[in-house]
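Here are the chains, one letter per residue:
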Amino acid sequence: MAIDSVRRHFKQFNREQDVMEFDASSATVQEAADTIGVIPARIAKTLSFRGEGDQAILVVAAGDAKIDNKKFRQHFGFKARMLSPEEVLEQTGHAIGGVCPFGLKNDLDVYLDESMKRFKTLFPACGSSNSAIELTCEELVTYASAKEWVDICKGWESEETEAEKVKSHS
């Protein structure tokens, strides 16, 4: 089971006991937020994309962020194309609803989106549709062996920030 591979992954950091399992589903951002008792933005969702060649790439972003196709293409040099549920399972070893950057079946490149940096801790899934772990951004970098922080999402900035942007562009 995928959650077992995630527990094994966290064992090397002596954190396997911190993987939480719930009676309720945490498969979607909203379900996870409701189950854990946090705002949806603090759920760290892992998105799977076609990389170059046969390898997928993973992008972990805040629960309220959406991929900005233009920023994605500018950063990676190719179009953002999400994997099908079957491809996600094949590439990561995790089914949709439990996808995370830990205990992966294949050695995939993991990128962390800036949208998560506004929080002290976030809650990524742990390989099943009813699991999570609470991590700081620094821990996420380490435990996911993340390549780099990227700015490829939209829709997560506060309204105040959006208002300031409008002012500065007028």
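Residues numbered from 1 in each chain as written. Predicted model: local features only at pLDDT ≥ 70, side-chain atom pairs only at ≥ 80, totals over all residues. Heavy atoms only, no water.

A. Quick peek at the pairing of strand β5 (residues 109-113). Burial analysis of β5 places four of its five residues in the buried class, the great majority of the element. As defined by bridge partners, strand β3 (residues 56-62) adjoins β5 across four bridges and the pair is classed as parallel. Counted as the bridge partner of V60 is L112 from β5. In this sheet, strand β9 (residues 148-150) lies alongside β5 in parallel orientation, the contact comprising three bridges. Note on β9: the bridge partner recorded for Y111 is E148. (Buried < 20%, exposed > 50% of the residue type's maximum accessible area, 1.4 Å probe, protein only. Helix = DSSP H or I, 4+ residues; strand = E, 2+ residues; numbered from the N terminus. Pairing = 2+ DSSP bridges.)

B. Region of interest: the environment of D64. Following the sequence through the fold, D64 ends up in the loop between β3 and β4 (66-67). For the pair D64 and T142, spaced 78 residues apart in sequence, the C-alpha to C-alpha distance is 23 Å. A distance of 2.5 Å separates a polar atom in the side chain of D64 from a polar atom in the side chain of R118. (Polar contact = N/O pair within 3.5 Å; in protein donor to acceptor, adjacent residues only side chain to side chain.)

C. The confidence of the model for the chain, seen in detail. In this model, the chain carries an average pLDDT of 92, and 92% of its residues clear a pLDDT of 70 or more. Note that pLDDT drops below 50 for residues 159-165; the model gives that stretch two contacts with residues more than four away or on any other chain. (pLDDT = per-residue confidence, 0-100. Contact = heavy atoms within 4.5 Å.)

D. Structural view of the environment of F13. Here F13 shows up in the loop between α1 (2-11) and β1 (20-21). The exposure class assigned to F13 is partly exposed, which follows from its relative accessible area of 27%. F13 sits 48 residues away from A61 along the chain, and the two C-alpha atoms are 23 Å apart. Non-local contacts of F13, meaning those with residues more than four positions away in its chain, are made with T142 and Y143.

E. Structural view of helix α4 (residues 85-92). Restricting attention to buried positions, one finds in α4 the residues V88, Q91 and T92. For α4, the buried positions fall inside an angular range of 80° around the axis, keeping them on one side. Summarising the geometry of α4, the exposed residues directed more than 90 degrees from the buried face are E86 and E90. Lining the buried residues of α4 we find β2 (43-50) and β3. Just downstream of α4 lies G93, where phi reads positive at about 85°. (Arc of directions from axis to C-beta.)

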